[in-house]
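Structural overview
What follows is each chain in one-letter form.
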Amino acid sequence: MPLWKMPIWKAFLGVFVLFLGGTAGRAEPPKRVVSFNLCADQLLLALADPSQIAALSPYATDGTLSVTAKQGASFPKIDWNSESVVNLAPDLVLSGFSDRPTQAILAATGLRVVQVALVRNLDEARAQVREIATLLGHPERGEVLAGKLQRAEDDLKAVALQPPRTAIVLQREGYTEGTESLVASMLATAGLKPPPNARGGIGGFMDMETLLTAGPDILVLQETAKNASDQGALFLTHPALRARYDETKRISLPSRYTLCGGPALLEGLGVLKDELKKLR
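Conventions used here
Residues numbered from 1 in each chain as written. Predicted model: local features only at pLDDT ≥ 70, side-chain atom pairs only at ≥ 80, totals over all residues. Heavy atoms only, no water. Buried < 20%, exposed > 50% of the residue type's maximum accessible area, 1.4 Å probe, protein only. Helix = DSSP H or I, 4+ residues; strand = E, 2+ residues; numbered from the N terminus. Pairing = 2+ DSSP bridges. Core = buried A, V, L, I, M, F, W, Y, C linked by side-chain atoms within 4.5 Å. Contact = heavy atoms within 4.5 Å.

With that settled, consider the pairing of strand 9 (residues 218-221). Going residue by residue along strand 9, you find Ile-218 and Val-220 tucked away on one face and Leu-219 and Leu-221 tucked away on the opposite face as well. Where strand 5 (residues 165-170) lies against strand 9, four bridges are found, and the strand directions are parallel. When the sheet's bridge partners are listed, Val-169 is paired in strand 9 with Val-220. Taken together, the three bridges between strand 9 and strand 10 (residues 250-252) define a ladder with parallel strand orientation. Bridge assignment links Leu-219 to a residue of strand 10, and that residue is Arg-250.

Right, let's get into the environment of Ala-167. Checked against the element boundaries, Ala-167 lands in strand 5. Each C-alpha atom of the pair Ala-167 and Lys-193 lies 5.8 Å from the other, and the pair is 26 residues apart in sequence.

A few words now on helix 5 (residues 100-108). For the α-helix, the turn length of 3.6 residues means that residues three or four positions removed from each other point alike. Those residues of helix 5 that fall on the buried side of the exposure criterion are Thr-102, Gln-103, Ala-104, Leu-106 and Ala-107. Looking at the residues trailing helix 5, positive phi occurs at Gly-110, about 100°.

Core analysis: the biggest nonpolar cluster contains 52 residues, and Leu-44, Leu-94, Leu-136, Met-186, Leu-192, Leu-265 and Leu-272 have the highest contact counts within it. For this core, the secondary-structure elements that each account for two or more residues are helix 2 (38-47), strand 3 (92-95), helix 6 (122-135), helix 7 (139-158), strand 5, helix 8 (182-189), strand 9 and helix 12 (263-275). No other element matches helix 2, which puts seven residues into this core. Excluding residues that lie within four positions of it along the chain, Leu-94 makes contacts with Val-33, Val-34, Ser-35, Phe-36, Asn-37, Ala-40, Leu-44, Val-114, Val-116 and Leu-135.

Below, the structure written as structure tokens:
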């Protein structure tokens with residue numbers, strides 16, 4: 001049946017079965033892997049043989065998003081469409097949690113598609129490293145990276161603030177990361193807990209008045225805007241906010257360290273450890 005005539009439920013069923021199937025029945029490691037996701041890019045570069053990497057996502061060389069941008073520069077890049085993936089004839093495609101229509105199309109063509117889940121805490125990040133390494137045929141590399149993540153977490157715990165202080169991650173226009181995010185887990189390890197009025201789940205907006213009158217002890221900024229070049233930056237550079245939170249009450253933790261597990265998280269834990277020095 002032509003792909004465009006296939007009922008969409010069958011396409012989604014295909015990717016669902018492939019996702020649940022894991023490595024069952026596939027003793028041979030994949031030889032041509034394509035990444036359709038920023039986090040998968042970094043995991044591939046850390047855990048796969050270079051010869052296994054057929055292509056990476058367009059985000060792979062964006063240094064504002066990826067900590068492995070330089071490493072990714074030498075590999076081919078796909079476009080944001082299924083055709084560019086199919087044409088490479090991969091035997092494994094690593095996709096993100098939000099690429100479901102593309103996952104369905106790729107699965108419908110017979111490609112093996114595995115979803116790289118969004119990790120929400122440090123335990124999930126270590127488990128993911130092990131799972132992807134095993135999928136690629138290099139479980140020993142997963143153990144090594146998971147061990148590095150554990151040591152970085154232990155190092156951060158050793159310098160955690162005592163007693164804990166309250167903190168939120170503030171982004172453009174007043175958006176704040178929620179309490180069920182990877183960065184929230186990182187902050188908790190550092191002795192930085194959410195205030196009572198923190199947004200739950202993945203996050204939400206906090207207005208300027210609330211920040212100034214009932215804000216946390218510490219602001220964690222993922223973008224250090226110096227000038228009010230647009231509406232998003234205007235919020236971050238507001239004079240009242242700067243007066244309330246001077247350099248001793250704010251730390252910088254760029255989003256490239258908090259979007260993904262693996263190499264990004266490893267570097268992020270080290271950055272957060274260094275940033276704690278400002279608060280002592």
